[in-house]
Each structure stands twice: as C-alpha cells, then as structure tokens.
Amino acid sequence: MEKFTTHTTQAVPLNIANVDTDQIIPARFLKATDKKGFGDNVFRDWRFDKSGNLNTEFTLNNPIYSGSILIAGDNFGCGSSREHAAWALVGYGFKVIVSSFFADIFRNNCLNVGVLPVQVSPEFLEQIFFCIEANPQTSLTVDLTNQKITLDATGDDESFKINPYKKKNMINGFDDIDYLLNIKEDIRTFSKKTPL
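A few points on the structure. (Residues numbered from 1 in each chain as written. Predicted model: local features only at pLDDT ≥ 70, side-chain atom pairs only at ≥ 80, totals over all residues. Heavy atoms only, no water.)

**Considerations on unusual backbone geometry**
Phi at Asn18 takes a positive value of approximately 60 degrees, unusual for a residue other than glycine. Tracing the backbone through its elements, the reader meets Asn18 in the loop between strand E1 (6-14) and helix H1 (21-24). With a phi close to 50 degrees, Gln147 is a non-glycine residue in the positive phi region. In this structure, Gln147 sits in the loop between strand E5 (139-143) and strand E6 (148-151). (Helix = DSSP H or I, 4+ residues; strand = E, 2+ residues; numbered from the N terminus.)

**Re the pairing of strand E4 (residues 116-119)**
Relative to E4, strand E3 (residues 96-99) runs parallel, the two being bridged by 4 bridges. Its bridge partner being in E4, Ile97 is matched across the sheet by Pro117. Handedness of the crossover joining E3 and E4 through helix H4 (residues 104-113) is recorded here as right-handed. (Pairing = 2+ DSSP bridges. Right-handed = clockwise from strand over helix to strand, strands pointing away.)

**As for the packing of helix H3 (residues 84-92) against H4**
Running from N to C, H3 and H4 cross one another at 45 degrees; their axes reach a closest spacing of 8 Å. Taken together, H3 and H4 sit at an angle that is classed as oblique. The chirality of how H3 crosses H4 is right-handed. Across from Ala85, Ala86, Trp87, Leu89 and Val90 in H3, the residues of H4 making contact are Phe106, Asn109, Cys110 and Val113. (Axes fitted to C-alpha atoms, helices over the stretch in contact; angles between N-to-C directions. Parallel < 35°, antiparallel > 145°, perpendicular 65-115°, else oblique. Left-handed = near helix turned anticlockwise from the far one by under 90°. Contact = heavy atoms within 4.5 Å.)

**Quick notes on the environment of Leu125**
Relative to the assigned elements, Leu125 resides in helix H5 (residues 122-134). For Leu125, a relative accessible area of 4% gives the class buried. If we skip the residues at most four places from it in the chain, Leu125 touches Ile71, Ala72, Gly73, Asp74, Val98, Ser99, Ser100 and Val120. (Buried < 20%, exposed > 50% of the residue type's maximum accessible area, 1.4 Å probe, protein only.)

**Some details on the sheet that holds E5**
The sheet built from 7 strands is open, its strands ordered E4-E3-E2-E1-E5-E6-E7 with mixed pairing. Strand pairing shows two members of the sheet lacking a second neighbour, E4 and strand E7 (157-159), which therefore form its edges. Sheet twist, expressed as the average angle between the axes of neighbouring strands with direction ignored, equals 25 degrees. Looking at chain direction, strand E2 (residues 69-72) and E3 are connected through 3 bridges and run parallel. The partner of Ile69 across the bridge, within E3, is Val96.

**So, the environment of Glu83**
Within the secondary structure, Glu83 is located in the loop between E2 and H3. Judged by its relative accessible area of 39%, Glu83 is partly exposed. Each C-alpha atom, one on Glu83 and one on Val113, is 9.2 Å from the other, the two residues being 30 residues apart in sequence.

**Digging into the nonpolar core**
In terms of nonpolar packing, the biggest core is built from 26 residues, with Ile24, Phe43, Leu70, Phe76, Leu89, Ile97 and Phe106 touching the most fellow members. When contributions to this core are tallied by element, the ones reaching two or more residues are E1, E2, H3 and H4. Among the elements that take part in this core, H3 stands out by supplying 5 residues, more than any other. Look past the residues within four positions of Leu70 in its chain and what remains in contact with it is Val12, Leu14, Phe43, Leu60, Phe76, Leu89, Phe94, Val96, Ile97 and Val98. (Core = buried A, V, L, I, M, F, W, Y, C linked by side-chain atoms within 4.5 Å.)

**Remarks on the packing of aromatic side chains**
A complete count under the given rule lists 7 aromatic pairs for this structure. Where Phe38 meets Trp87, the ring centres are 5.4 Å apart and the plane angle is 65 degrees; that geometry is what we call edge-to-face. Remark: Trp87 occurs in helix H3 and Phe38 occurs in the loop between H1 and helix H2 (44-47); sequence separation between them is 49 residues. You'll find Phe38 and Trp87 in the same group, each marked buried. With a centroid separation of 6.3 Å and 20 degrees between ring planes, the pair formed by Phe102 and Phe106 is classed as stacked. A single burial state applies to Phe102 and to Phe106, both of which are buried. An aromatic cluster is built from Phe43, Trp46 and Phe58, whose rings are joined through pairwise contacts. In this arrangement the basic side chain of Arg44 is found over the ring face of Phe48, its NZ or CZ atom lying 4.2 Å from the centre. (Phe/Tyr/Trp six-rings, centres within 6.5 Å; stacked < 30°, edge-to-face > 60°. Lys NZ or Arg CZ within 6 Å of the ring centre and 35° of its normal.)

Okay, here's the thing in structure tokens:
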C-alpha cells in the first residue's frame, strides 16, 4: 500500500444515501480473486446503461468533477460484507471516501486496502456538498496525522476518528502482513523468551 499522511485534491460528489456494496460493485463481477480490474466496474450499473453506453448524467462520468476523494451520502457501504467494494474503489483511483456514516465491515475493508474512510458530521458533509455544487474545483485536504479534514476554500475543518493501529499502518503504507513482517524480530525475541 502507499503511505498516507496528507492528501489534497478535488472531490467527486455522490450525494446518495444508503449506497450498498452491490451498487459499488455488482455481484456478477465478483468471480475474480485478484484485486486487479475491479475499478473498471465500480458503480457499473450507474456508470453505464443496459446497452453498455456511458451514462453521462452520472457524477463519475461528469468531466467537471475530478480528484481522488469521493464525497458520499450517509450510510455508505452498507449491505453485504464483500471486500470487493473496497477493491473497486481503490482500483478506480479513490484514496479517501467521506461520509457521515459507514458500515463497520466496509470501513475496515477500506482501511485494509489503503482507502481512508473519513466520517464527518451530517452538517459538515452538507457543507462539503454545497461547496462542490457551487464550485466543482473545490479542494479538500485530508490530514491523517492530525485526523482532520479541511475545506480549503473556507478553511473550515472537522476532526475524524480512526483506529490507532490502522492509522499507523496507513501512515507507514502497511497492510496487516507488512505490519507483522516489520516486527518479526520482536516476535522472534518474544518467542524465545516464552516457553511452549
């Protein structure tokens, strides 16, 4: 995974509540076991019509929006626990997802693949949507070290919570296996001192 400390970019708004994992990545695309390629089908049934033509009205297809932050409605990532939804989002290029609520399993799946879920208050989320609607070039800065998200144009910010272990891993660019490999000498030392 890439190291994550501070990230500044424009954002893509998806002001829809209760987006479930089947909408993020439809079940018919779950046959692969490799994480690669899932980004091609993120929000597939919204990005394309039934004939496979691009839906130009869907926000991800709108050229006025860009950036690697997705601003999502409340209760993002609900539904089934499929980790493929997080794979699809990171495969598409998102590094941060902002919402006023995330399903717990989805939140952890994101953290496991290097996508930072930032939970903000409903009021701050609405402020972000309002700013992006007024100016699609609106940028945000997500500071993981200080656990703060800032609307750059106004300077308004809000703190967010994250599990300390996951925070440390993201800052170091570690997944769970990388973390264990990083402390392997400590594990060996502990093992030698601990009788079976």
